[in-house]
Amino acid sequence: MAAYNDRRAEIQRLTAEDFTTPLDRCRRAAAALIGASPEEIALGGNTSFGINLAAAALPVEKGRRIVVSDREFPANIYPWMRRARDGVPLEIVRTGEDGHPDEERLAAAVAGGGVGILALSSVQFVDGYRMDLERLSTLCREQDTFLVIDGIQSLGHLPIDVSRIRVDVLATGGHKWLLGPFGTGFAYVRRDLQPRIEPGAVGWTAMPASDDIGDLLDYGYAFHPDARKFEVGTPPFQDFSGWAASLELLLEEGMERIRAHVLALAEEISEILADTPGRVTSDRSPRRRSAIVGFRPRDAGAVRERLATAGVQVAEREGILRFSPHLYNTRQDVDRLRKALA
Ligand SMILES: Cc1ncc(COP(=O)(O)O)c(C=O)c1O
């Protein structure tokens, strides 16, 4: 990114490739990460880009509704509230008593046939609860329900394979587990769906008529025949050049290795926390666990500050401390946590 910016800071040093290669690399790597093809990847600035794309574009038949879970991150709530203002009913399904999305209730809603769109995070942001996407995807398919997934808390440590599990739109930002700069992200839009929907926000870059920047005024309202159709205007090339390197690094390390590594660390962390005054709020059963371990101590702020002093950074969300080891964390880091908590 620094090299890109250095070139950008000098007159006429950027070449034509600087405007295509970072984006092509990101689309290719993002596609490899989720079992898609690069033509199904639209680059955008964050998770909200993909959720809004879905909320604006997916058709919902009269009499059907949109379903989300309560306690979702707001990026996956407000765009649907916006759509509700256009008259499509929105149902926010109550969580179970444990505060996790009530998968039985969500599944029953879809199986009942009246759901046009089901929108969920694959992993919940507060305590890492993992949804059974395979089950929900099968149900959605049977009922012609669109499935929209916010993948930002799983992609990068728990893979989602859209070649195996059908998802209609998958949205993510790059700045968490995918180790990207702020302002990066992508939306996967399933290939068969692309010709059926039009973006709510239309970018000039979405049109082949703009391919020749020496001849932009010969307008032609026809979209690229791939997910570039959903991209909106000039992207932050320098940031995507950085993100391409991160995505390629993750792929090179191997998602399976990363998954095994972070789940092992998370397991150790949850064992340490189980012996600490307070409550582990995450469901650590094999079907539900992720590398996010939620822990509710009596005084979250005090514990967080104490840990920070010892060099252990954790996030505090809704009174819960969030421990989320990634590929760069080690056993030594976990030992440091153990000592700090003791
Ligand atoms: C589940 C989830 N979705 C979305 C976001 C962020 O949304 P955006 O990338 O649009 O800022 C976060 C956290 O920042 C999150 O945890």
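Refer to the structure printed above.
Residues numbered from 1 in each chain as written. Predicted model: local features only at pLDDT ≥ 70, side-chain atom pairs only at ≥ 80, totals over all residues. Heavy atoms only, no water.

**Considering the overall build of the protein chain**
Now for step 1: Assigned secondary structure in the protein chain consists of 10 helices and 11 strands.
Now for step 2: For 342 residues, the compact-globule estimate of 2.2 N^0.38 gives 20 Å, and the C-alpha radius of gyration of the protein chain, at 21 Å, lies within 12% of that figure.
Now for step 3: Its C-alpha atoms put the protein chain at 70 × 55 × 30 Å along the principal axes.
Now for step 4: Within the span of the protein chain, comprising 342 residues, buried residues form 51% of the whole.
Now for step 5: For the protein chain, long-range pairs separated by at least 24 residues make up 68% of all intrachain contacts whose partners lie at least 6 apart in sequence.
Now for step 6: Split by element, the accessible area of the protein chain, about 16,200 Å² in all, is 49% carbon and sulfur.
Now for step 7: Of the charged side chains in the protein chain, 43 are positive and 49 negative; the average position of the first set lies 4 Å away from that of the second. (Helix = DSSP H or I, 4+ residues; strand = E, 2+ residues; numbered from the N terminus. Rg over C-alpha atoms; globule rule 2.2 N^0.38 Å. Buried < 20%, exposed > 50% of the residue type's maximum accessible area, 1.4 Å probe, protein only. Contact = heavy atoms within 4.5 Å. Areas by Shrake-Rupley, 256 points an atom, 1.4 Å probe, with all protein chains shown as cover. Lys, Arg positive; Asp, Glu negative; His and termini not counted. Charge placed at Lys NZ, Arg CZ, Asp CG, Glu CD.)

**Quick notes on the sheet that holds strand β4 (residues 115-121)**
Now for step 1: Within the open sheet, the seven strands sit side by side as β1-β7-β6-β5-β4-β2-β3. Their pairing is mixed. Two strands bound the open sheet, and with one partner strand each, they are β1 (41-44) and β3 (90-93). Strand after strand, the sheet turns through a mean of 15° between neighbouring axes, direction not considered.
Now for step 2: The sheet contact formed by strand β2 (residues 65-69) and β4 spans four bridges and is parallel. Counterpart to Val68 in the pairing with β4 is Ala119.
Now for step 3: Its contacts with the sheet place helix α2 (residues 21-34) against β1, β6 (169-173) and β7 (185-189), and it is angled at close to 120° to β1.
Now for step 4: The sheet strands contacting helix α3 (residues 47-57) are β1, β5 (146-150), β6 and β7, and the helix crosses β6 at an angle near 155°. (Pairing = 2+ DSSP bridges. Axes fitted to C-alpha atoms, helices over the stretch in contact; angles between N-to-C directions.)

**Looking at a nonpolar patch on the surface**
Now for step 1: Residues Trp204, Ile213, Leu216, Leu217 and Tyr219 make up a contiguous nonpolar surface patch of roughly 630 Å² in combined accessible area.
Now for step 2: Among the structural elements, Leu216 can be located in the loop between β7 and α7 (237-253). (Patch = residues over 30% accessible without salt bridge, like charges linked within 9 Å, V, L, I, M, F, W, Y side chains within 5 Å. Salt bridge = Lys/Arg side-chain N within 4 Å of Asp/Glu carboxyl O.)

**What to know about α7**
A turn of α-helix holds 3.6 residues, and therefore any two residues three or four places apart point the same way.
Now for step 1: The first and last C-alpha atoms of α7 sit 24 Å apart over 17 residues, in line with the 24 Å expected at 1.5 Å per residue.
Now for step 2: Where α7 is concerned, the buried positions are Phe237, Asp239, Phe240, Ser241, Gly242, Trp243, Ala244, Ser246, Leu247 and Leu250.
Now for step 3: In this structure, the buried side of α7 is in contact with α1 (2-9), α2, β1, β7 and α8 (255-274).
Now for step 4: Two residues or fewer after α7 comes Gly254, characterised by a positive phi angle close to 95°. (Expected span 1.5 Å × (residues − 1).)

**Brief notes about the site of the ligand**
Now for step 1: In the region of the ligand, the neighbouring residues are Asn46, Thr47, Ser48, Phe73, Ala75, Ser121, Phe125, Asp150, Ile152, Gln153, His175 and Lys176.
Now for step 2: Interatomic distance of 2.5 Å between a side-chain N/O atom of Ser48 and an oxygen atom of the ligand.
Now for step 3: Asp150 places a polar side-chain atom, nitrogen or oxygen, 2.5 Å from a nitrogen atom of the ligand.
Now for step 4: Expressed as a share of its isolated accessible area of 400 Å², the protein-covered part of the ligand is 86%.
Now for step 5: For the shell around the ligand, the residue count by class is four nonpolar, six polar and two charged. (Near = heavy atom within 4 Å. Polar contact = N/O pair within 3.5 Å; in protein donor to acceptor, adjacent residues only side chain to side chain. Nonpolar A, V, L, I, M, F, W, Y, C, P; charged D, E, K, R; others polar.)

**As for the side chain of Thr172**
Now for step 1: Take Thr172: it is sitting in strand β6.
Now for step 2: Apart from the residues within four sequence positions on either side, Thr172 is in contact with Asn46, Thr47, Gly151, Ile152, Leu155, Leu178, Gly185 and Phe186.

**Side note on unusual backbone geometry**
Now for step 1: Despite not being glycine, Gln12 shows a phi value in the positive range, around 60°.
Now for step 2: Structurally, Gln12 can be placed in the loop between α1 and α2.
Now for step 3: Backbone geometry places Asp144, a non-glycine residue, at a positive phi of 55°.
Now for step 4: Its location among the elements puts Asp144 in the loop between α6 (133-142) and β5.

**Brief notes about the packing of helix α5 (residues 103-111) against α6**
Now for step 1: It is the contact of α5 with α6, at a shortest axis distance of 9 Å, that shows an interaxial angle of 15°. In terms of their interaxial angle, α5 and α6 are classed as roughly parallel. Where α5 crosses over α6, the two elements pack in a sense that is left-handed. Listed contacts from α6 to Glu103, Glu104, Ala107, Val110 and Ala111 of α5 are Arg135, Leu136, Leu139 and Cys140. (Parallel < 35°, antiparallel > 145°, perpendicular 65-115°, else oblique. Left-handed = near helix turned anticlockwise from the far one by under 90°.)

**Description of the nonpolar core**
Now for step 1: In terms of nonpolar packing, the biggest core is built from 67 residues, with Ile34, Ile41, Leu118, Leu170, Phe186 and Phe323 touching the most fellow members.
Now for step 2: Per element, the largest residue contribution to this core is nine residues, and it comes from α8.
Now for step 3: Aside from chain neighbours lying at most four places away, what touches Ile34 is Ile41, Leu155, Ile160, Asp161, Val162, Ser163, Leu170, Phe186 and Tyr188.
Now for step 4: In terms of nonpolar packing, the next biggest core, distinct from the first, is built from 26 residues, Leu53, Val88, Phe146 and Ala171 among them. (Core = buried A, V, L, I, M, F, W, Y, C linked by side-chain atoms within 4.5 Å.)

**Points about the pairing of β7**
Now for step 1: In terms of residue burial, β7 counts as a mostly covered element, since five of its five residues are buried.
Now for step 2: The two faces of β7 match: Gly185, Ala187 and Val189 on one face and Phe186 and Tyr188 on the other face are all buried.
Now for step 3: Inspection of the sheet shows β1 paired to β7 by four bridges, in the antiparallel sense. What sits directly across from Ile41, in β7, is Tyr188.
Now for step 4: Two strands pair when backbone bridges link them, and β6 and β7 are joined in this way by five bridges, in the antiparallel orientation. The residue of β7 that forms the bridge with Val169 is Val189.

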